[in-house]
Amino acid sequence: STRAADNLLLPLPYAGFPGASGWTAVLEFSAAALVASGVPLSACAATGAPDEIWTSSTATMVHPVVAKRVAGVQVISAASAGSLVAGATAKIGLGADSAGASMALTGTAPVGAINAGYPTMTTLAIGRFADTASNYQPMHARSLKLWPYRLSDGALQAVTT
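These notes cover the structure that comes with them. (Residues numbered from 1 in each chain as written. Predicted model: local features only at pLDDT ≥ 70, side-chain atom pairs only at ≥ 80, totals over all residues. Heavy atoms only, no water.)

Bringing the pattern of salt bridges into the picture now. Applying the stated criterion across every chain yields a total of one salt bridge. Salt-bridge contacts for Asp97 lead to Arg150; the nearest nitrogen and oxygen are separated by 2.9 Å. Taken together, the positions of Asp97 in strand β7 (residues 89–97) and Arg150 in the loop between β11 (139–147) and α1 (153–159) put the pair 53 residues apart, joining distant regions of the chain. In this structure Asp97 comes out as buried when scored by relative accessible area, which is 19%. (Salt bridge = Lys/Arg side-chain N within 4 Å of Asp/Glu carboxyl O. Helix = DSSP H or I, 4+ residues; strand = E, 2+ residues; numbered from the N terminus. Buried < 20%, exposed > 50% of the residue type's maximum accessible area, 1.4 Å probe, protein only.)

Shown next, in the form of structure tokens:
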């Protein structure tokens, strides 16, 4: 339960999440508005210039992508996973391990990107970047499910349907 302006930050590790070699998080939410570069879900390895894996968007918050940066520099990104609609319920699934990162949006086929290593995540954030108070995504978060391993692409697609 949160108030309108709450920041949802989960210090990691939490109850076995993330796992030693991978993780998956699925967020069910509805976007209250379409915003430029909103970040519905992110995981961060450190503060400052972190290793980070996140879901992001284009200027109108309709084409979420999965991306990763190392020491503050973006090193991977993937194509659009689909479209969000303000007020409509959506599920974003984000998974990562040493081989790569992938994301599925509300039952779409996952899009992915190659990882350069598997950093230890220290924070999971809902509705913003994990390392800074920026790139807010106004939303109504409904549920968050965590796995201590990376789901297969088929399973990730199924759990976001």
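Read on for the rest.
Moving on, we come to the pairing of strand β10 (residues 123–126). The two faces of β10 match: Thr123 and Ala125 on one face and Leu124 and Ile126 on the other face are all buried. Summarising the sheet, strand β1 (residues 8–11) and β10 pair through four bridges and their orientation is antiparallel. Among the inter-strand pairings, Leu8 is bridged to a residue of β10, identified as Ile126. (Pairing = 2+ DSSP bridges.)

All chains considered together, the criterion is met by one aromatic pair. Judged by centre distance (5.7 Å) and plane angle (80 degrees), the ring pair of Phe17 and Trp23 falls under edge-to-face. Just as Phe17 is buried, Trp23 falls in that class too. (Phe/Tyr/Trp six-rings, centres within 6.5 Å; stacked < 30°, edge-to-face > 60°.)

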